[in-house]
Amino acid sequence: MPNGRADACVLVIFGASGDLTRRKLLPAIYNLAETKHLPSPFAIVGVARPPRGDEQFGAEMRAHVAEAEGEALDATVWQAIESGIRYVSGEFADPAVYERLAAALAELTASRQVPPNYLFYLAVPPDMFGTVATHLAAAGLTDERDGWRRVIVEKPFGYDLVSARTLNNELAGSLRESQIYRIDHYLGKETVQNILAFRFANGIFEPIWNRRYVDHVQMTVAEEVGVESRGAYYDRAGALRDMVQNHMFQLLALVAMEPPISFRAEDVRDEKVKVLHAVAPLAPEEVRRQVVRAQYETYTQDPKVAADSRTETFVAMRLLVDNWRWAGVPFYLRTGKRLPQRMTEIAVQFKRAPFTLFRETPVSALNPNVLVLGIQPEEGISLSFDAKVPGPLSRLDTVTMDFSYSKHFKAEASTGYETLLFDAMTGDQTLFHRMDIVEAGWQVVDPVLRAWQEDRASRLTTYAGGTWGPAEGDLLLERDARRWRC
């Protein structure tokens, strides 16, 4: 059970010369240091292919963090971090790299009195996870006799259910499940974490959080940009694998889960996996009716994308969580690239009140109450409801109560990695994927992938950049007499 304080440790980043380290991991470490959440003593070892020395690597990271922060760094804060930075170069499959890594860790233990607690971050392609884990174990660096050893792995967690299980077997050959931290940076967002507090700490919401009062739930993850420099990766993945199977299913699980018996990691994750097991897999004919896939018009012009690619850049789907709480309540999921704006939100729409009382008044219709959890770019919560317009006539207008994290808590924007790195240092796995959660997500997605693979003859729908996707995405809700919020 974590104690809420991060243990003094060494963060070892495999893939330290990559974009993730420069834009997210090191800025997150700097932010933790600024807010005095970084443990002391603390050190960082970067492991990557390009040859460079400790000082060169530290100077490069200083420049990248300053760029990410958009302002000059606090010299005292950064110096404390940079003085503990080391660098090891080489190929990840070379055993000699791990010998040099072990030597660097021993040096830090001696020179900076950092205890032998090691947090390994694998910011490398998934096909290297097993290689790195195997070599770490062979070098004795996963042995926990003198301190803890934890390994963070980035998504994607497999390409389908079979590959996810294969990947897990590779990791399980060198690590225990309790040592594996499968990271999803969305779960580090404050509003995502606040879903559980919002639901279970406020007595007015949980009693109506069910099929009796909720009409439907909309979840949207929209991006303005296209695939940018990720064309080669994205063309193998697509929106369903890249966003739905991990990010969106995790949000779905938090919204729909039952109250856990405690906020211990295993109790929370037990309830999350039950939600995904309750999502009814779609038969092939249901995939054609309940799932929309499309591609933005200029996608295949990307030089890293196959000219005849059928990879989807947009997905909209209608799912049912087939349990007592949510029976009959549709969950509509939508994600895509080249949409009008960057936005992630969850909208819970409640059932309309009966119109009977207003039938002989100027009021022509009642609007449903909608609770919106904004995750990005603005983190906050809003609730809309009808109120009487001042004056002698009975007229209604929809008003909104808004809560903003930045305005109320004066909170600065974060990368989302701060919380997750801190949790990994404390040993709290609540916000990390457990393997059965990963498998449960693939069990929902796999039938859709198979149906698409078997349906190669149909034309792939396209949509213009800057729109909310194809018309079929709107029809998904219109058939149920509903519409997207935007």
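Our subject is the structure listed above.
Residues numbered from 1 in each chain as written. Predicted model: local features only at pLDDT ≥ 70, side-chain atom pairs only at ≥ 80, totals over all residues. Heavy atoms only, no water.

1. Considering the overall build of the protein
The secondary structure content of the protein amounts to 14 helices and 15 strands. In terms of overall dimensions, the protein is globule-like: its C-alpha atoms have a radius of gyration of 24 Å, near the 23 Å expected for 486 residues. The buried share of the protein, taken over its 486 residues, is 55%. Looking at the protein alone, contacts between residues at least 24 apart form 76% of all its contacts between residues at least 6 apart. Total accessible area computed for the protein in this model is approximately 21,700 Å², and 52% of it derives from carbon and sulfur atoms. Side chains of the protein carry 55 positive and 64 negative charges; the gap between the two charge centres is 4 Å. (Helix = DSSP H or I, 4+ residues; strand = E, 2+ residues; numbered from the N terminus. Rg over C-alpha atoms; globule rule 2.2 N^0.38 Å. Buried < 20%, exposed > 50% of the residue type's maximum accessible area, 1.4 Å probe, protein only. Contact = heavy atoms within 4.5 Å. Areas by Shrake-Rupley, 256 points an atom, 1.4 Å probe, with all protein chains shown as cover. Lys, Arg positive; Asp, Glu negative; His and termini not counted. Charge placed at Lys NZ, Arg CZ, Asp CG, Glu CD.)

2. Some remarks on unusual backbone geometry
A cis geometry characterises the amide bond from Ser40 onward to Pro41, with omega recorded as 0°. Summarising the element assignment, Pro41 is placed in the loop between helix H1 (19-34) and strand E2 (42-48). Between Gln376 and Pro377 the backbone carries a cis peptide bond, its omega angle lying at 0°. Topologically, Pro377 is positioned in the loop between strand E12 (370-376) and strand E13 (380-388). At Gln113, a position not held by glycine, the phi torsion is positive, near 55°. Residue placement: Gln113 occurs in the loop between helix H4 (95-111) and strand E4 (118-122). Phi at Glu228 is positive, roughly 50°, even though this residue is not glycine.

3. With respect to the packing of helix H8 (residues 231-256) against helix H9 (residues 265-278)
The axes of two packed helices give the description: the angle between them and the distance between them. Axis separation between H8 and H9 bottoms out at 9 Å; the angle between their running directions is 105°. Classified by the interaxial angle, the pair formed by H8 and H9 is roughly perpendicular. Every residue of H9 that contacts H8 at Phe249, Gln250, Leu252, Ala253, Leu254 and Ala256 is listed here: Lys272, Val275 and Leu276. Partitioned by chemical class, the residues of the contact of H8 with H9 number 7 nonpolar, 1 polar and 1 charged. (Axes fitted to C-alpha atoms, helices over the stretch in contact; angles between N-to-C directions. Parallel < 35°, antiparallel > 145°, perpendicular 65-115°, else oblique. Nonpolar A, V, L, I, M, F, W, Y, C, P; charged D, E, K, R; others polar.)

4. Considerations on H9
Helix length check: H9 (14 residues) gives 20 Å between terminal C-alpha atoms against 20 Å at 1.5 Å per residue, within 8%. Counted residue by residue, H9 has 10 buried out of 14 residues, so it is predominantly covered. By the burial criterion, the buried members of H9 are Ala265, Asp267, Val268, Arg269, Glu271, Lys272, Val273, Val275, Leu276 and Ala278. The inward-facing, buried residues of H9 contact helix H7 (190-200), H8, strand E9 (314-320) and helix H13 (435-454). (Expected span 1.5 Å × (residues − 1).)

5. Things to note about the sheet that holds strand E7 (residues 214-222)
What the 9 strands build is an open sheet, ordered E14-E13-E12-E11-E7-E10-E9-E8-E15; its pairing is mixed. The open sheet has two edge strands with one neighbour each: strand E14 (396-404) and strand E15 (461-463). Between one strand axis and the next, the sheet turns by 20° as a mean value, whatever way the strands run. In this structure, E7 lies alongside strand E11 (residues 343-350), joined through 8 bridges in antiparallel fashion. Residue pairing across strands places Val217 opposite Val348, the latter belonging to E11. (Pairing = 2+ DSSP bridges.)

6. Examining the environment of Gly58
Considering the arrangement of structural elements, one finds Gly58 in helix H2 (residues 54-69). Take Gly58: its relative accessible area is 1%, and that puts it in the buried class. Between the C-alpha atom of Gly58 and that of Arg86, which follows or precedes it by 28 residues, the distance is 7.8 Å. Not counting the four nearest positions on each side in its chain, Gly58 is found in contact with Trp78, Glu82 and Ile85.

7. Describing the packing of aromatic side chains
Using the criterion set out here, one finds 12 aromatic pairs in the structure. When the ring of Tyr118 is compared with that of Phe120, the centres are 6.1 Å apart and the planes differ by 70°; the resulting orientation is edge-to-face. The pair Tyr118 / Phe120 is uniform in exposure class, with both members buried. Among the aromatic residues, those joined into a ring-pair cluster are Phe14, Phe92 and Tyr98. The positively charged end of Arg241 is found above the aromatic ring belonging to Tyr159, 3.6 Å away from the centroid. One cation-aromatic arrangement involves Arg334 over Trp484; the distance from NZ or CZ to the ring centre is 4.1 Å. (Phe/Tyr/Trp six-rings, centres within 6.5 Å; stacked < 30°, edge-to-face > 60°. Lys NZ or Arg CZ within 6 Å of the ring centre and 35° of its normal.)

8. Here's the deal with the pattern of salt bridges
The full count for this structure, using the stated rule, is 26 salt bridges. When the shortest N-O distance is used, the salt bridge between Arg23 and Asp19 registers 2.6 Å. Here Arg23 pairs with Asp19, and both are found in helix H1, just 4 residues apart, close to one helical turn. Asp19 gets classed as partly exposed once you look at its relative accessible area, which sits at 37%. Taking the shortest distance from any N to any O, the salt bridge between Asp270 and Arg434 comes out at 2.9 Å. Residue Asp270 is found in helix H9, and its partner Arg434 is found in the loop between helix H12 (417-426) and H13; the two are separated by 164 residues along the sequence. Bridged by salt links that share partners, the residues Glu266, Arg269, Asp270, Arg434 and Asp436 form one connected network. (Salt bridge = Lys/Arg side-chain N within 4 Å of Asp/Glu carboxyl O.)

9. Quick word on the nonpolar core
If you look at the biggest cluster of nonpolar residues, it comprises 153 residues, and the most contacted ones within it are Phe14, Ile29, Leu101, Tyr121, Phe331 and Ile346. At 13 residues, the largest contribution of residues to this core is made by H8. In contact with Tyr121, other than residues within four places in its own chain, are Leu11, Val12, Ile13, Phe14, Leu20, Leu25, Ile152, Glu154, Ile183, Tyr417 and Leu421. (Core = buried A, V, L, I, M, F, W, Y, C linked by side-chain atoms within 4.5 Å.)

10. As for the sheet that holds E4
Strand order in the open sheet made by the 6 strands is E3-E2-E1-E4-E5-E6, with parallel pairing throughout. The open sheet terminates on both sides in strands that have one partner only, identified here as strand E3 (85-89) and strand E6 (180-183). Averaged over all neighbouring strand pairs, the angle between strand axes comes to 20°, with direction disregarded. Contacts between H4 and the sheet are confined to strand E1 (9-14), E2, E3 and E4, with E3 contributing the most and set at about 165° to the helix.

11. What to know about the pairing of E2
Of all 7 residues in E2, 7 are buried, a share of seventy percent or more. Side chains of E2 alternate between two faces, with Phe42, Ile44, Gly46 and Ala48 and Ala43, Val45 and Val47 buried alike. Here 6 bridges tie E1 to E2, and the two strands are oriented parallel to one another. Paired with Ile13 across the bridge in E2 is Gly46. Tracing the backbone out of E1, into H1 and back to the parallel element E2 gives a crossover that is right-handed. Strand direction decides the pairing type here: E2 and E3, joined by 5 bridges, are parallel. Within E3, the residue paired with Ile44 across the bridge is Ile85. (Right-handed = clockwise from strand over helix to strand, strands pointing away.)

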